[in-house]
Amino acid sequence: MSLLTEQIGSIPRPPELVSAWAAHGAGTLSDDDLAVVADASLRDTIKRLEATGSPVVTDGEQTKSSFVTYPLEGSDQLAPDGVTIPFEDGHTRQLPRLASGPFRYSVHAERYLRAAQEHATVPVKQAVIAPSALSLLYPAEGLPGYSRDQFLDDLIDQAEADVRGCLDAGAHVVQLDFTEGRLSVKLDPGKGLLRSFVDLNNRLLERFSAEERARIGIHTCPGGDQDSTHSLDVDYAELLPDLFRIQAGRVYIQLASEADPRRVLEIAAQNLGPDQRLFVGVVDPIDPKVETPEQVRDRVLLAAEYIPADRLGTCDDCGFSPFADDSSTSRDLAFAKIAARVQGTAMASESLGL
């Protein structure tokens, strides 16, 4: 059996979809007209992903405005002035702030999954946002009549429904996006925030059986938006031991952009749980140079020095365009990198005799 390989999530949207999302946000394009453009992009995305030889595809997040706030689209519970996340190039992203309770998702990811399944001929993976990220919506000053503990209870209920709906709809894998993990160490070097995030995500995962958790993954990276990151300067060693405490059956880590991949792999090998499979990033969405299949093969073979082949897989470092207005990376570049990952992983499998 060949090594497993999976896409992480988002694919750059075509210019017409970027424009459509902007017009929709400005109130000059209707929901129905946006859906027409987005569905055309979704169909094209899946067709091109399957053309790379990908054994598993995603929807490329074409119909999401953001990988983190999709559950909140259309919600009337929010104010715009939430937590601000700075990136290394100076740009920022701002989360909304919860203004009233009880907290409820207005959109569940099952909707995206079922739309993708209509067009795919191979299994479909669904990315969802981890509850740890959405916990940042609750204001530091609290909300009258709605405590943080009540909010977290509601958040876990909503996140469970999000994941379970995808599993029940036949998702090959459900991936929790946990890009705030490394950032939390930057915000709190004592790692209290990180460990609270880990505990919160485990509150969710404890609601699923061992068989279900084998189909649930956790993904971490230092952020990737407009060709910049928010926490690549944080030592990976400060995150990884706690990351592997999350009770997910699959762990997806950014690795291609790391300066010292051997050190990362050593730490990962020491902390990988007995029921976990590790997927290592072998292409870097931020790097404008397309990796060759041979480069990918060599990165996989390096990982195989530390991780048994039956517990190893490959992925992209992170999504290529996690926000709908990000046009910093072209679609052609993304598909070329994915094709190199698929081909290079197959070459590594052959070298390993799989």
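Below is a summary of the structure that appears in this document. Predicted model only: the values in this text are computed from it and were never measured.

1. A word on the overall build of the protein
Phase 1 of the analysis: The helix and strand tally for the protein stands at 12 helices and 11 strands.
Phase 2 of the analysis: Whereas a compact globule of 354 residues would reach a radius of gyration of roughly 20 Å, the protein reaches 19 Å, a difference of no more than 12%.
Phase 3 of the analysis: When its C-alpha atoms are laid out on the principal axes, the protein stretches across 60 × 45 × 40 Å.
Phase 4 of the analysis: Out of the 354 residues belonging to the protein, those deemed buried represent 55%.
Phase 5 of the analysis: Accessible surface computed for the protein: about 13800 Å², of which carbon and sulfur atoms make up 51%.
Phase 6 of the analysis: Distance between charge centroids for the protein: 3 Å, based on 33 positive and 55 negative side chains.

2. Topic: the pairing of strand E9 (residues 250–253)
Phase 1 of the analysis: The two faces of E9 match: Arg-250 and Tyr-252 on one face and Val-251 and Ile-253 on the other face are all buried.
Phase 2 of the analysis: Here strand E8 (residues 216–220) runs beside E9; their pairing, made up of four bridges, is parallel. Counted as the bridge partner of Thr-220 is Ile-253 from E9.
Phase 3 of the analysis: A crossover links E9 with its parallel partner strand E10 (residues 277–283), the connecting element being helix H10 (residues 261–271), and its sense is right-handed.

3. A look at the sheet that holds strand E7 (residues 174–177)
Phase 1 of the analysis: Across the sheet, seven strands lie side by side as E1-E11-E10-E9-E8-E7-E6; this open sheet has parallel pairing. Of all the strands in the sheet, just strand E1 (4–6) and strand E6 (126–129) have a single pairing partner and so form its edges. Pairs of neighbouring strands in the sheet enclose a mean axial angle of 30°, with direction left out of account.
Phase 2 of the analysis: Relative to E10, E9 runs parallel, the two sharing four bridges. Counterpart to Ile-253 in the pairing with E10 is Val-280.

4. Some words on the nonpolar core
Phase 1 of the analysis: Judged by nonpolar contacts, the single largest core of 87 residues is most densely connected at Phe-103, Val-163, Leu-176, Leu-243, Ile-253, Leu-278 and Val-280.
Phase 2 of the analysis: Contact partners of Leu-243, with chain neighbours within four places excluded, come to Phe-178, Ile-218, Thr-220, Val-251 and Ile-253.
Phase 3 of the analysis: Counting six residues, the second largest nonpolar core, distinct from the first, contains Leu-17, Ala-20, Ala-38 and Ala-324.

5. Overview of the packing of aromatic side chains
Phase 1 of the analysis: Going through the model one piece at a time under the given rule, you end up with seven aromatic pairs.
Phase 2 of the analysis: Ring centres of Phe-178 and Phe-197 lie 6.5 Å apart, and the angle between their planes is 80°; this geometry places the pair in the edge-to-face category. With a gap of 19 residues between them, Phe-178 in the loop between E7 and helix H6 (180–187) and Phe-197 in helix H7 (residues 192–205) connect regions that are remote in the sequence.
Phase 3 of the analysis: Through successive ring pairs, a cluster of aromatic residues spans Phe-103, Tyr-105, Tyr-138 and Phe-151.
Phase 4 of the analysis: Directly above the aromatic system of Tyr-252 lies the positively charged group of Lys-125, at a separation of 4.0 Å from the ring centroid.
Phase 5 of the analysis: Across from the ring centre of Tyr-236, 4.1 Å away, lies the NZ or CZ of Arg-182, which sits over that ring.

6. Quick word on helix H2 (residues 31–51)
Phase 1 of the analysis: Between its first and last C-alpha atoms H2 spans 30 Å; for 21 residues at 1.5 Å apiece the expected length is 30 Å, and the two agree.
Phase 2 of the analysis: Contacts from the buried residues of H2 go to helix H1 (15–25), helix H3 (110–117) and helix H12 (331–351).
Phase 3 of the analysis: Of the residues one or two after H2, Gly-53 is the one with positive phi, at around 90°.

7. A word on the environment of Asp-149
Phase 1 of the analysis: With respect to the element layout, Asp-149 can be found in helix H5 (residues 148–168).
Phase 2 of the analysis: Remark: the alpha-carbon pair of Asp-149 and Asp-227, spanning 78 residues in sequence, is separated by 36 Å.

8. A few points about the pattern of salt bridges
Phase 1 of the analysis: A complete count under the given rule lists 28 salt bridges for this structure.
Phase 2 of the analysis: In this structure, Glu-305 and Arg-262 form a salt bridge, with 3.0 Å as the shortest nitrogen-oxygen distance. Remark: Arg-262 occurs in helix H10 and Glu-305 occurs in the loop between helix H11 (293–304) and strand E11 (312–316); sequence separation between them is 43 residues.
Phase 3 of the analysis: Judged by relative accessible area, which is 53%, Glu-305 ranks as exposed.
Phase 4 of the analysis: Since its relative accessible area comes to 37%, Arg-262 is described here as partly exposed.

Conventions used here
Sequence order as written defines the numbering, with residues in each chain counted from 1. Under the rules for a predicted model, residues below a pLDDT of 70 receive no local features and side-chain atom pairs below 80 are neither given nor counted, while totals for whole chains, interfaces and linings still include all residues. No hydrogens and no water enter the side-chain calculation; it runs on all heavy atoms of the structure. A run of DSSP states H or I qualifies as a helix once it reaches four residues; a run of E qualifies as a strand once it reaches two. Both are numbered from the N-terminal end. For the radius of gyration, the atom set is restricted to C-alpha positions; the globular benchmark scales as 2.2 Å times the number of residues to the power 0.38. Only protein chains enter the accessibility calculation, which uses a 1.4 Å probe. A residue is then buried if its area is under 20% of the maximum for its type, exposed if over 50%, and partly exposed in between. Per-residue and other accessible areas follow the Shrake-Rupley method at a 1.4 Å probe size, with only the shown protein chains counted as cover for residues. Positive charges come from Lys and Arg alone, negative charges from Asp and Glu alone, with His and the N- and C-terminal ends not counted. Charge positions come from single atoms, namely NZ of Lys, CZ of Arg, CG of Asp or CD of Glu. In short, DSSP must find at least two bridges between two strands for them to pair. With its strands directed away from the observer, a crossover is right-handed exactly when the path from the first strand over the helix to the second travels clockwise. Angles shown run from 0 to 180 degrees and are taken between the N-to-C directions of axes, each axis being a line fitted to C-alpha atoms and, for helices, limited to the stretch in contact. For this analysis, a nonpolar core means a set of buried residues of the types Ala, Val, Leu, Ile, Met, Phe, Trp, Tyr and Cys, connected via side-chain atoms within 4.5 Å. Contacts were defined at the residue level, with two residues in contact if any of their heavy atoms lie within 4.5 Å. To pair, rings of Phe, Tyr and Trp, with the six-membered ring standing in for Trp, must have centres within 6.5 Å; the planes then decide the type, stacked if under 30 degrees apart, edge-to-face if over 60, and tilted in the middle. Charge-over-ring placement is defined geometrically: NZ (Lys) or CZ (Arg) within 6 Å of the ring centre, and within 35 degrees of the ring normal. For a helix, the expected span equals 1.5 Å multiplied by the number of residues minus one. Here a salt bridge means any side-chain nitrogen of Lys or Arg lying within 4 Å of a carboxyl oxygen belonging to Asp or Glu.

Geometric descriptors of this kind do not, in isolation, establish any biological role.
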